[in-house]
Amino acid sequence: ILIDWDQSRDPDISAIADQYVQAIRRVLDDDDLYQLYSRSALARAADYEIEQTRMSRAIYEQYFC
C-alpha cells in the first residue's frame, strides 16, 4: 500500500501514519479486497522466488563452476 503525500514540504508523519492506518483498515474490513491483495502478494512472492533462484544459479556458476 502506497500513500501519496506532498513532497514539496516537510512530511507530517502523523498524517501519513493515519493514511496508512485507514488503508490497512479498509483492506482488513473488505474481504474481497483482502483476497485480491493476498492473491497479488502470493503471485509476487512466487515471481520473486523464481528470480532469486535464477540469480543464485548465475552467481554459483560464475564463481564455482
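Up top is the structure these notes are about.
K.L.:
Sorry, what's going on with the pattern of salt bridges here?
P.N.:
Pairs can form between side chains of opposite charge once their charged atoms are near each other. This model, assessed by the stated rule, comprises two salt bridges. Across the salt bridge formed by Arg 9 and Asp 6, the nearest N and O atoms sit 3.3 Å from each other. According to the relative accessible area criterion, Asp 6 is partly exposed, its value standing at 37%. Here Arg 54 ties to Glu 51 by a salt bridge, and the two come within 2.5 Å at their closest N and O atoms. Remark: Glu 51 and Arg 54 occur in helix H2 (residues 31-64); sequence separation between them is three residues, near one turn of the helix. On the basis of relative accessible area, Arg 54 is assigned to the partly exposed category, the value being 47%. Overall, the relative accessible area of 31% leaves Glu 51 in the partly exposed class.

K.L.:
Please explain a negative patch on the surface as it appears in this structure.
P.N.:
On the surface, Asp 29, Asp 30, Asp 31 and Asp 32 cluster together into a negatively charged patch. Tracing the sequence through the fold places Asp 29 in helix H1 (residues 13-29). On the basis of relative accessibility, which here comes to 65%, the residue Asp 29 falls in the exposed class.

K.L.:
Would you mind going over H1 with me for this structure?
P.N.:
At 3.6 residues per turn, the α-helix brings residues three or four places apart onto the same side. For H1, built from 17 residues, the straight-helix expectation of 24 Å at 1.5 Å per residue is met to within 8% by its first-to-last C-alpha distance of 24 Å. Looking at H1, one finds that the buried residues are Ile 16, Ala 23 and Val 27. Angular distribution of buried residues about the axis of H1 spans 40°; they occupy a single face of the element. In this structure, H1 carries Gln 22, Arg 25, Leu 28 and Asp 29 as exposed residues pointing more than 90 degrees from its buried face. Tucked into the core, H1 has its buried residues touching H2.

What counts and how
Residues numbered from 1 in each chain as written. Predicted model: local features only at pLDDT ≥ 70, side-chain atom pairs only at ≥ 80, totals over all residues. Heavy atoms only, no water. Salt bridge = Lys/Arg side-chain N within 4 Å of Asp/Glu carboxyl O. Buried < 20%, exposed > 50% of the residue type's maximum accessible area, 1.4 Å probe, protein only. Helix = DSSP H or I, 4+ residues; strand = E, 2+ residues; numbered from the N terminus. Patch = residues over 30% accessible without salt bridge, like charges linked within 9 Å, V, L, I, M, F, W, Y side chains within 5 Å. Areas by Shrake-Rupley, 256 points an atom, 1.4 Å probe, with all protein chains shown as cover. Lys, Arg positive; Asp, Glu negative; His and termini not counted. Charge placed at Lys NZ, Arg CZ, Asp CG, Glu CD. Expected span 1.5 Å × (residues − 1). Arc of directions from axis to C-beta. Contact = heavy atoms within 4.5 Å.

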